[in-house]
Amino acid sequence: PPPPPPRFYPESCVRCEAAGCGKWRRVPRRVAAAIGPRDRWVCHFDANVPAEERDAFPCERPCEWATDRDRIAWIAEQKRKEAEARAKGAEIDGDPPPESTDGTPDGTPEKAHKGRGGGRPAAPPPEFANAEEEAEWRRRKHEERTGVHLMTKEEAGIREDLPRGTVSGYAAEQMTEEDEDEHEPGGRTDGEPRTMPPPRPRGQPAAAVPAVCGGVDGVYLARRAMFRCMCGPDLENCAAKSGEGDGVVLTTTAFERHCGMEKSKNWRNSCSVMCAGGQKVKIGIWLDEVGIDVARGKGGGGGGGPGSRAPPKDHKAPKEPKGPTRDTRWQPRRPGPFDNLPLRRVMTVLELVMDTEGDDPESGRRAIARAGTVCKAWLCAAQAVVKARGAERWCPEIERTTGADEEGEAGEAKNAEATADGGSGDGPARLSVGSDAPRPMDHVALKHPGAQAVDRRVKVFWPEENEWFTGIVSKHDPSTDKHTVTYDDGDVEEITLATQKMEWLEPAPEPAAERQVPPSPPDEKKKKKTGTHHVKWTTEADYTATRAQLEEIYDYVPRGDPEEVARERAVTLAPDHPRRGENGAIGSPRANPKKKPGRKSPMDHVALKHPGAQAVDRRVKVFWPEENEWFTGIVSKHDPSTDKHTVTYDDGDVEEITLAKEKMEWLEPGGDSLRPASAATVVSTNGDVHDPSKPPGWWPSVTTWPIVKGEERRHKVMGAEVQEQETFGVDYVTGRDVIRCLRTVLPEYSEDELWEVSDSLMVQVNATYGPMPPELAATQNIALAAENLAEKLERLSDAHSGAVAKALWRLAAKARLTPDMFAVHRKGFGVVCHPSNKRGIKAGELVVDFLGEMYPPWAWQAKQDAIKTVQRIRGMRESGPPEFYNMQLERPAGDAEGFSILFVDAMHHNNYAARLSHSCDPNVEVSLKAIDGKYCINFYAKRDVKAGEELCYNYHSCTDSMKEVEAAFCLCGARGCRASYLAFVGEQGNSHVLKRCHRLVERQAALLAAGDAAAGSIPTPDAVAAMEEVGLKLGRGLLRDVPTWLTHYVAHCALYMKREVAKLPRHILDDHRKTVEKELAKSRGGWKPPPFGLGDAEIEAMAVRENRLQSMAICLSRVRYMLGRGPEKLPFASAPPPARPLTAREVAEKMFGPKDSMVQGLLQAMKPHARSAKDADDHSAEVRHAEFNAEVERIAREATDLKNCPDLEKSLKSGLIRLRDALASMSPTPSARHDVAAELVHLHAHTRRYWSVRRGDHHGAFTAEEIPVRENEVNSFGIGAEGASEQIVKQVRPEYKAGTAGGALLVWYKQEMSDPLQWVNANRRGCVIVPDLSCAYSPRPGVAVAKCGAREREAWLAHLAEHPEDPWPQHTGPWGPANAQRLIGSPVLDAFMAAHEAGWGTRFGGGRDEEDEPGRPRLDPDVLTWLLDRKHPE
């Protein structure tokens, strides 16, 4: 027979929908036919253009037709060619497949094809005698249609009764692992991505063939019956990882699920093999054609093609179901157009069904149940409608009276509003979204029909004015059923209420739960209203005080000490505080005159801000005149010989330039000029002070409350300007998935434009799900919100709205297919700008003041310790992220009293400010204001806030726990989302300088040196300047009436803070680079690190200093409270230092005294070993112990004999050395290490000064007042304070140990410790105190003393030589925390004390990191000489 005519590919034209384009493009007709009314086509999708050109400027290509006449002529020519091809019998691309001889496209009677042209009906298949005859007939038909022979199981070597998933067949057995990569080039290395295998002709087996599933590319590995995914960046970019080992290899069902085709549940039909000639063959048919089988379970079976259909089993009766079966009579055999209906319209239809069946609840229930079986989308809609209507709707035993029916209709109206779109119009949208047709059955006018409406107040909407007007019904005409309405402004109108959009102005049926929106004021110039409109329910739920609120307050509630709270909150302006109208501090900053590029004077070039090597590692922005563009990079090197800098740009370019000759800026605050932007201090209209010489927020911001309509307004009106509701959001990954989906429809949109669409969608999410009942699931799908917003945009006529609407329809469809990828999570109760507030909230306007219970730091810390105590008693452990109901009110450093802190807790007593959520891109900012002589925390709009937009601010919280960071996932959905509302400060916690320059021994020496200061003395000028720099003022605020020693210690800590902020940036930068290297190695170059330079590290270091200052303020508050002995409120100006220096006589008593002395403890520890051991000469150990006792008594007597030795200090040292030698001469045993005791006595002998902790008067122990702990405070870990109650579970009475004030000062930088003395005692061994001699002896003679070997001693000596200022590590000896004599003193502490006395601590703030520092602490060489010369006993 002659060959068939070639396949004809008809073409058509489509118009680009991109803004400013509108050009017609030539495309295949099947492409044009596939574009639906809600699909979008732009030039970017034109497959006739290379991909690189499509991604660049696709719309700039000229149109293929000069005029519309030419295009129409071309279309006519295409139709003529298609007609000729049809006349010749050619197959037309895009037409339905031709009917086979058996009337089906694939030979299966179950899939009968319906001809579109009204052709002859399909012939029925013939009757078969058995299954073999039917299989043979199918193989023959398949061969006639495709030309490919289908082998039988015997011919193909397919075995039966194989386990599920087993591959069989002669073709598969001949394949090897190397065959899977035979198409790869020979030089491919491990890690290099694999390529797709070439298509093979149909019927030709191969170990690896190209496959596709749901539009996702892959490679089918026939030997293993698995898929290697080759998806691109739009999914998971598995193609880039295909060269890593075996690549991303998935099972058949896993690959089907990975491609979003899990609904198919039959990979043989959902996956296809790409064959030569562009043919796409179902993988089940391909397996039959090549003779390979993948066993389905018992009995194996074919691949699913026409020749492998299982024989009918009519002889077996169907099994009875084990349980109740679902009514599937309404379930379609395959998904149809119902799946594509918007959920909102489906819900509207179901609401109508419920209203129609209102008299018969059982009938309504059945109708909803049947609708839920149509498809999954209808099932979701049915569940939402039932939940919104309430369970009582379906109780048949309830009989409603006429009055109950009226209340039921009102309740249904409000519940229907909960499921309707609540983000547009003057109130929540009507139930019917697609039509404005009236519904007489539930019109609100029927609530008071006929004459019952007379004398009732109403609110009627006038569309011409787009406003509501209030009035009273004055008359009713029964003949026409019209009412006469007399409006408040005097107008009189006769209308039919049932045809109007109106409301009754009367209390709601349930005033405790709902209230009506206040009516808008009338307009005196309104025009006559005409036309017919229908009612829209505008009631809103009043959720005020339903979350974490025991009482709504209107001012701060003081706790702890009300007098202290009032004192710390009071505003005291300094004499030099800038004021408007003085010293030129008025108006806006004076702008510098712009200079032409290249004409700057060398004296004022911005490069001089960081000259020479100071510029290295700093981020810069350099202007390239050739490109007329700015490029950012980092200064990586400086050449001092030429004064040139090497700049490494972010795009990889490297350039050596002279910065002083370039047009450049530093990427840091104020980096665009050498001098400040204004030489004068500026006071803005809102009270903020911009002082170039001070850090931001230094001066108090003095302002007043805004005046609205002659009244003082402290917050936006709830119910009119803002409203509280349940809020929802998406996580970081979902937000990026939304952008990727939108980009597939809007490819020409920029990132900014796409994120604007995403922000509008987030507003719609809250409008859609916010009004729904709280019992609804906490996780929803974004599809419903996308459909609602798309419907709104479709009502607009501009091209942009239409394009975005189509993108949202695509997003909704994809969200239904993959609901897990587009989940919307409940954030909890939040605050949104009221949907009826069309004006919104303008930037700079006051939103609300943050109120709560106000605590001084000591009271807040005591409360937190009490909560932890109860949690510890209950055995609770932290789980989930911490709750954020508290905020710090920080008095500005520029206040006359200096810096201080108060804590505001809004967990129980608050206003709606406590419900504002977090956002990484907030529209609200927190600002501290000084109003009416008091400080208060206010929330101001950071930018314009639209109606329906949620109000959020940045929590600015950080943690050093990665577990908390991962649990605190952010749901803001913003472009700059950090994925967590907690910032991770790193494992080091930015404590590099603290660990090197401010160790415990250095702080202990500073505290002891401060105690030696003369009463009334003041610190050095450098120290005073360092205190003033952070807002700590002598004799004011936190340092008012404090003892002199405390002022000196705080001055030393201020010097350290100044040193830390200068040295920390380099450490932060080094840590960042190490982290980047690890991440780059982990991602193998697939991750691009964000830019980070020295300027960014300096900003982070400033944040660390702010944290240090807050800790110091909390420490001073606690110390003042403890020195005053809590509730006793003793005057503490004369309180002594925490430690008292001991005299030589007192030291002698501690060392050699007859009671509780060091030698008495030594003899007591040695006594058990003397009673149980014998020496080699059979002399009694008791005799030797008695001789040693006598020797010790003789040494003690001579050392403390003032008559023969007037220099008691020298005598004590001589006596300790004699005691050391006596111990060293004794032979140690495993349980009695006399050598270790000798070495400890050696350290005591070289200690010059000792102190003792004070435990009486101001430093004594005391018990504070009881603190009540509520149930929800105990359970606040990741749970919140839902349903807060006043139930008190325990009254905790804090107990403060003796010396706690001194311990708090030693850990001033870390005030969350409830017992600082415990940490101090555990970390002071060796450096602050010498361990007790009893640690060298085992309590039981038969047990050896651990960690006393030669290796441990060598490590201990190395530690003393290299790091004497650090506590002795536990693995270097048997050191314990015991200190029986309660002595503070060691050779290391002597070295630090000597350095402080020489001024080292005042000038440098401590530390050993610089070897050339004059006067730095140095350990006495005699200490190490004896230890190093002495050999360890074997």
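Preceding this section is the structure that the text describes.
Report follows, based on the coordinates.

Cut-offs applied
Residues numbered from 1 in each chain as written. Predicted model: local features only at pLDDT ≥ 70, side-chain atom pairs only at ≥ 80, totals over all residues. Heavy atoms only, no water. Salt bridge = Lys/Arg side-chain N within 4 Å of Asp/Glu carboxyl O. Helix = DSSP H or I, 4+ residues; strand = E, 2+ residues; numbered from the N terminus. Buried < 20%, exposed > 50% of the residue type's maximum accessible area, 1.4 Å probe, protein only. Axes fitted to C-alpha atoms, helices over the stretch in contact; angles between N-to-C directions. Parallel < 35°, antiparallel > 145°, perpendicular 65-115°, else oblique. Left-handed = near helix turned anticlockwise from the far one by under 90°. Nonpolar A, V, L, I, M, F, W, Y, C, P; charged D, E, K, R; others polar. Pairing = 2+ DSSP bridges. Phe/Tyr/Trp six-rings, centres within 6.5 Å; stacked < 30°, edge-to-face > 60°. Contact = heavy atoms within 4.5 Å. Expected span 1.5 Å × (residues − 1). Patch = residues over 30% accessible without salt bridge, like charges linked within 9 Å, V, L, I, M, F, W, Y side chains within 5 Å. Areas by Shrake-Rupley, 256 points an atom, 1.4 Å probe, with all protein chains shown as cover. Lys, Arg positive; Asp, Glu negative; His and termini not counted. Charge placed at Lys NZ, Arg CZ, Asp CG, Glu CD. Core = buried A, V, L, I, M, F, W, Y, C linked by side-chain atoms within 4.5 Å.

Applying the stated criterion across every chain, the model contains 72 salt bridges. A salt bridge links arginine 569 to aspartate 555, with the nearest nitrogen and oxygen atoms 3.8 Å apart. Here aspartate 555 lies in the loop between β18 (551-552) and β19 (557-558) and arginine 569 lies in helix α14 (residues 562-569), a separation of 14 residues in the sequence. The exposure class assigned to arginine 569 is buried, which follows from its relative accessible area of 12%. The exposure class assigned to aspartate 555 is partly exposed, which follows from its relative accessible area of 35%. Here lysine 863 ties to aspartate 905 by a salt bridge, and the two come within 2.9 Å at their closest N and O atoms.

We now examine unusual backbone geometry. Positioned with a positive phi, aspartate 1257 is a non-glycine residue whose angle comes to about 55°. On the secondary structure map, aspartate 1257 appears in the loop between β44 (1251-1253) and β45 (1262-1263). Of note, the phi angle at arginine 1382 is positive, near 55°, even though the residue is not glycine. Its place among the elements puts arginine 1382 in the loop between α34 (1350-1362) and α35 (1387-1397).

A word on the packing of helix α24 (residues 1044-1083) against helix α25 (residues 1094-1123). Packed helices, taken two at a time, are described by their axes: the angle between them and the distance between them. Where α24 meets α25, the closest approach of the two axes is 8 Å, and the angle between their N-to-C directions is 160°. When the interaxial angle is binned, α24 and α25 end up roughly antiparallel. The hand of the α24/α25 crossing is right-handed. Broken down by class, the residue content of the contact of α24 with α25 amounts to 21 nonpolar, no polar and six charged.

On to the sheet that holds strand β4 (residues 208-213), then. The strand order across the open sheet built from six strands is β7-β6-β5-β4-β8-β9, with neighbouring strands paired in antiparallel fashion. Of all strands in the sheet, those with a lone pairing partner are β7 (249-250) and β9 (280-282), marking the two edges. As paired elements, β4 and strand β5 (residues 216-221) share six bridges and run antiparallel to each other. Each bridged residue has a counterpart across the sheet, and for valine 209 the counterpart in β5 is tyrosine 220.

Taking burial as the measure, the six residues of β5 include five buried ones, the bulk of the element. Two successive antiparallel strands, β4 and β5, enclose a turn made up of two residues, where glycine 214 displays a positive phi of approximately 60°. Here four bridges tie β5 to strand β6 (residues 226-229), and the two strands are oriented antiparallel to one another. Residue pairing for β6: glycine 218 is matched across the bridge by cysteine 229.

In the structure shown here, the tally under the stated rule is 26 aromatic pairs. Geometrically, the ring pair formed by tryptophan 858 and tyrosine 1121 is stacked, given 3.9 Å between the ring centres and 10° between the ring planes. In this pair, tryptophan 858 is assigned in helix α19 (residues 857-873) and tyrosine 1121 in helix α25, connecting sequence segments 263 residues apart. The exposure classification of tryptophan 858 matches that of tyrosine 1121, with both residues buried.

What follows covers the environment of alanine 276. Mapping alanine 276 onto the fold places it in the loop between β8 (271-274) and β9. For the pair formed by alanine 276 and proline 199, sequence separation is 77 residues and the distance between their alpha carbons is 4.9 Å. Not counting chain neighbours up to four residues away, the residues in contact with alanine 276 comprise Pro199, Arg200 and Pro201.

This paragraph deals with helix α22 (residues 1000-1011). End to end, α22 covers 17 Å across twelve residues, agreeing with the expected 16 Å (1.5 Å per residue, within 8%). Counting buried positions along α22 yields ten of twelve residues, so the element is predominantly enclosed. If you check which residues of α22 are buried, you get Leu1000, Val1001, Glu1002, Arg1003, Gln1004, Ala1005, Ala1006, Leu1007, Leu1008 and Ala1010.

The next subject is a negative patch on the surface. A surface patch of negative charge is lined by Glu753, Glu756, Asp759 and Asp921. Residue position: aspartate 921 is located in the loop between β37 (917-918) and β38 (924-931).

The next subject is the nonpolar core. Ranked by internal contacts, the top residues of the largest apolar core, which has 138 residues, are Phe1188 and Leu1223. Setting aside anything within four residues of it in sequence, one finds leucine 1223 in contact with Leu1162, Met1166, Phe1188, His1234, Ala1237, Ala1238, Val1241 and Tyr1337. Counting 46 residues, the second-largest nonpolar core is a separate cluster that includes Ala381, Tyr769, Val804 and Ala805.

For α34, which comprises 13 residues, the first-to-last C-alpha distance of 18 Å matches the rise-based estimate of 18 Å (1.5 Å per residue) to within 8%. The inward-facing, buried residues of α34 abut α30 (1234-1245) and α37 (1421-1429).

Right, let's talk about the sheet that holds strand β15 (residues 502-504) for a bit. An order of β14-β13-β12-β11-β15 is seen for the five strands of this open sheet, with the pairing classed as antiparallel. What marks the edges here is a single partner per strand, and that holds for β14 (492-495) and β15. With direction set aside, neighbouring strand axes in the sheet form an average angle of 35°. Of the strand pairs in this sheet, strand β12 (residues 467-477) and strand β13 (residues 482-487) are connected by six bridges, and their pairing is antiparallel. Bridging from a neighbouring strand, valine 473 pairs with valine 485 of β13.

Two strands pair when backbone bridges link them, and strand β20 (residues 619-624) and strand β21 (residues 629-639) are joined in this way by six bridges, in the antiparallel orientation. When the sheet's bridge partners are listed, lysine 621 is paired in β21 with threonine 632. Between β20 and β21, which pair antiparallel one after the other, the connecting turn spans four residues, and asparagine 628 there sits at a positive phi close to 55°. Hairpin remark: β21 followed by strand β22 (residues 644-649), antiparallel, with four residues in the connecting loop; positive phi at aspartate 643, about 60°.

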